[in-house]
There are 2 protein chains.
Amino acid sequence: MPKAGRSQEEIRRHNLGALLRHVHLGGPASRTTLAGRMGLNRSTIMGLTAELTSAGLVREELPGDTGKAGRPSLVVRPESERVYALAFDVRVDRLVAAKVGLGGTILDRREAVRPRAGADLHDVVGVLAGFARRMQREAGAGSVCAGVAAAYCGMIRPGDGMVRFGPNMGWVDQAFGTELGLRLGLGLPVAVGNEAHLGALAEHQRGAGVGFQNLIYLHGDVGVGGGIIVGGKLLDGDGGYGCELGHMMVNPYNGRPCGCGSRGCLEAEVGEQALIDAAGRSSELTGRDGVRAVVDAAARGDTAARDALRRIGDWLGIGVANLINLFNPGLVIFGGMLREVYQGAAPQVHSRVAANVLVISRERVQLRTSALGDDATLIGAAELAFSNLLTDPLGVLASSALAPHDAMTG
Amino acid sequence: MPKAGRSQEEIRRHNLGALLRHVHLGGPASRTTLAGRMGLNRSTIMGLTAELTSAGLVREELPGDTGKAGRPSLVVRPESERVYALAFDVRVDRLVAAKVGLGGTILDRREAVRPRAGADLHDVVGVLAGFARRMQREAGAGSVCAGVAAAYCGMIRPGDGMVRFGPNMGWVDQAFGTELGLRLGLGLPVAVGNEAHLGALAEHQRGAGVGFQNLIYLHGDVGVGGGIIVGGKLLDGDGGYGCELGHMMVNPYNGRPCGCGSRGCLEAEVGEQALIDAAGRSSELTGRDGVRAVVDAAARGDTAARDALRRIGDWLGIGVANLINLFNPGLVIFGGMLREVYQGAAPQVHSRVAANVLVISRERVQLRTSALGDDATLIGAAELAFSNLLTDPLGVLASSALAPHDAMTG
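Parameters at a glance
- Residues numbered from 1 in each chain as written.
- Chains lettered and ligands numbered in written order.
- Predicted model: local features only at pLDDT ≥ 70, side-chain atom pairs only at ≥ 80, totals over all residues.
- Pairing = 2+ DSSP bridges.
- Helix = DSSP H or I, 4+ residues; strand = E, 2+ residues; numbered from the N terminus.
- Axes fitted to C-alpha atoms, helices over the stretch in contact; angles between N-to-C directions.
- Contact = placed C-beta atoms within 7 Å.
- Buried ≥ 20, exposed ≤ 12 C-beta atoms within 10 Å, placed from the backbone.
- Nonpolar A, V, L, I, M, F, W, Y, C, P; charged D, E, K, R; others polar.
- Expected span 1.5 Å × (residues − 1).
- Arc of directions from axis to C-beta.
- Domains from an automatic or database assignment.
- Least-squares fit on C-alpha atoms with pLDDT ≥ 70 in both.
- Parallel < 35°, antiparallel > 145°, perpendicular 65-115°, else oblique.
- Left-handed = near helix turned anticlockwise from the far one by under 90°.

Colleague: Looking at this structure, how should I read the sheet that holds strand S11 (residues 190-194) of chain A?
Modeller: Hydrogen bonds along the backbone pair up the strands of a sheet, which may run parallel or antiparallel. Residue and element names in this part refer to chain A. The five strands are arranged S6-S5-S4-S7-S11 in an open sheet whose pairing can be described as mixed. Each edge of the sheet is formed by a strand with only one pairing partner; in this case those strands are strand S6 (106-113) and S11. In this sheet, neighbouring strand axes are inclined to one another by 15° on average, regardless of whether the strands run parallel or antiparallel. Across seven bridges, the pairing between strand S5 (residues 94-101) and S6 is antiparallel. Pairing of Ala 98 across the sheet is with Arg 109, part of S6. This element, helix H4 (residues 121-137), spans strand S4 (83-90), S5 and S6 of the sheet and lies at about 30° to S5. Packing against the sheet, helix H6 (residues 195-206) makes contact with S4, strand S7 (144-152) and S11, and its axis sits at approximately 95° to S11.

Colleague: Is there a simple way to think about helix H5 (residues 176-184) of chain A in this case?
Modeller: Along an α-helix, residues three or four apart share an orientation, since each turn contains 3.6 residues. Residues and elements named next belong to chain A. Within H5 the residues assigned to the buried category are Phe 176, Gly 177, Glu 179, Leu 180, Gly 181 and Leu 184. Where H5 is buried, its residues touch H4, S7, strand S9 (162-166), strand S10 (171-174) and S11. Trailing H5 by a residue or two, Gly 185 shows a phi angle of about 65°, which is positive.

Colleague: Before we go on, may I ask you to explain the interface of chain A and chain B in this structure?
Modeller: Many analyses report the size of an interface as the accessible area lost when the parts associate. On the chain B side, the residues contacting the 54 residues of chain A number 54 residues. Elements supplying a minimum of two residues to the side of chain A that touches chain B: helix H1 (8-26), helix H2 (31-38), S9, helix H10 (303-327) and helix H11 (337-356) of chain A. No other element matches the six residues that H10(A) contributes to the side of chain A that touches chain B. Residue classes in the side of chain A that touches chain B are distributed as 27 nonpolar, 18 polar and nine charged.

Colleague: It is not clear to me how helix H9 (residues 287-299) of chain B should be interpreted in this structure. Could you clarify?
Modeller: All names here are of chain B. The end-to-end C-alpha separation of H9 is 19 Å, in line with the 18 Å expected for 13 residues at 1.5 Å each. Buried residues of H9: Gly 290, Val 291, Val 294, Val 295, Ala 297 and Ala 298, and no others. The arc that holds every buried residue of H9, seen down its axis, measures 160°, which confines them to one face. Packing partners of the buried residues in H9 comprise helix H8 (272-278), helix H10 (303-327) and helix H11 (337-356). The positive-phi residue at the C-terminal boundary of H9 is Gly 301, with phi of around 100°.

Colleague: Which parts of the structure should I look at to understand the domain arrangement of chain A?
Modeller: Residues and elements named next belong to chain A. Domain assignment breaks chain A into domain 1 (8-78), domain 2 (83-198 + 375-409) and domain 3 (210-371). Just the C-alpha atoms count here: the centres of domain 2 and domain 3 sit 28 Å apart. On the side of domain 3, 18 residues touch domain 2, which itself brings 15 residues to the contact. For the side of domain 2 that touches domain 3, the secondary structure elements donating two or more residues are strand S8 (155-157) and H6. Class assignment for the residues of the side of domain 2 that touches domain 3 results in eight nonpolar, three polar and four charged.

Colleague: Any chance you could explain the relation of the copies chain A and chain B here in plain terms?
Modeller: One copy of the chain maps onto the other through a rotation about an axis plus a displacement along that axis. With an RMSD of 0.0 Å, the fit of chain A onto chain B corresponds to turning through 180° and sliding 0.0 Å along the axis. Both chain copies can therefore be described as sitting about a two-fold axis. When C-alpha positions in chain A are compared against the rotation axis, the closest is assigned to Val250(A), at 3.2 Å. Looking at chain A, 100% of its interface residues are interface residues in chain B too, so the copies touch through the same face.

Colleague: Explain the packing of H9(B) against H10(B) here, please?
Modeller: The description of two helices packed together rests on the angle between their axes and the distance between the axes. Residues and elements named next belong to chain B. Packing of H9 against H10 leaves a shortest axis separation of 7 Å and a crossing angle of 115°. Accordingly, the angle class assigned to the pair H9 and H10 is roughly perpendicular. Between H9 and H10 lies a crossing whose hand is left-handed. Seen from H9, the contacting residues are Val 294, Val 295, Ala 297 and Ala 298; seen from H10, they are Ala 305, Arg 306, Ala 308 and Leu 309. Of the residues assigned to the contact of H9 with H10, the class counts are seven nonpolar, no polar and one charged.

As structure tokens, then:
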């Protein structure tokens, strides 16, 4: 049951967060524009901006040449160089770390190829913490880290970032979030999210899904995951483990074996290996490069590659059709290696959607590829890292952990 | 973006609605109990109760024998006899109408068997309006109708209650809500919802799903529909057409033809006719009675009936497993004829859930049959009818449509 009302203090905190979120996601904007978007008067906006400015979170400055005569209106800009988040992305084939400024710009980025076998928790955490140390060493004096988060290719317990199940790396119940937090030594908790959940959030906030209230993001890699936005929010389910669309069984007869122990899951039928196997090229190709090679060969007219793409596209279409019937979304986004698959197999996907989705459920749905590409999951991690700051900007800044970073890394 | 804050008037309206909702759903309660549940102090509760009492929505009275010495605390009770909703349920095989008192008691109920073929919009609306007229004639003087709503076995446009697609009755784009409103002549709009959506709401508010934030309700009849609660809210999707789990394709090879034009949909594989056909009894049995006959025969050891139930239970299990992977719900509820199917085929469903759902996604999920039985959809319609009153009790009562009913039916 919602609370009876909110105190002035709660309203002010809410408004500070809302204003900061507007310039973080929407970019620099004049006070007038912000007043209109937020439904507040200009003097309230002025007061909020002054508080955020003195906290070092935004600044006001003249815009570039507006092409208009007369005195231009000041614009409110996020302090992108000073305030940043650390974002990590643990993929099956690589480890990525980035320093992302408030406003969403990637200020610094490092990555390492991860060997397919044998990277245990401590190796992974060591590599990521090393990247972070080097990026922080090069950060300007007075800059502050507002939050830390990581995307991981597995099922994550939201409270503490425990990897409950990461089949592609062989991780079960590994305390990834806690270990990374200790190793970073910043005194900040590390939020961890499933990579496809975070990819969906990123596309919803900054990518192909801006403005949609209901969307489905399919993320393909070795496995296939999903992030589903329902009424503007990520579907997390009771334990945070929702959206496992890769384990929707689409092929109940003679389905391919899946990493989960079942057979015929969408992941087993449309993941990287399924396409490479279907093209008869498993002796020469693997991974994302293998997917690209098959899609390229199909585009050049190679018959085996085209047949393989058609077959995979048909299974993908069955899965997508099921999801559209269930969620009545405005948009379906193909991310990760499914971008390439969809580009090569769109006719099969469209044909299944036309045949299997109720006419009314597909009246308005659009199908698109990811706008953020391979960075979707990393950018989603950065948004997760910024989320506390955007909820309570001054409260987070006031916490001791947000002293300028050079006091912490020395 | 949420508004900056709420006025005192908005807070008061919210609290009046919240208090009324508490006694409507939770039954009579003392002021002390309400104060605790709502997080408000007792003097605020006293003021709210006084306003609702003078509007004739609740009354305060002594509880029955409490078994304790001393002066008992007064309890706040909904005015169940005076304030009611009209609820309708258009099923494939019957038309149901009820007068439901505030608090959820069915005060009066009428039903008619609907012939399988040939009931067009005007026939259906005529039968329902006739029921309503007779029920209102027998209502006490001074009683008021707080809202009207109907459940329909098809896809409904939320704004105006248009039946976009009702394949089992052959309806396409029929202005059901508008026509029923005109025919009732109460000056009240008629809200219409999909039967399975409303069944889910009813189970969530008053049935097997009380206390769950994430649940899946499967409703079987001639077709199979669903209502899915995500984070406490019905998943409606972009146009209100979400939750069409009956059209999830589970059998891509040689699937049975479905009313939607596709093949192998869950509805085609587990609906009434699928079970009766699988038992080889389509020449003698039809509909719900047919389903019961097969389930009863299986319970008595009839081999063909047992094999049929096993086969249907396996498809049902595949569908349920897919849904658990997608939604990570706390609860799955089997309603309509799927209650009987689940009771007869629980081992097959459990076996598929064990084999096809990720271990972590099924750690806490429970499977149950509907607590409200065949009334779930009707009770859901009543809740939909009460929803405006529970949002703004005094505003709805003040509207002219809520003059005592005898002024309207005379």
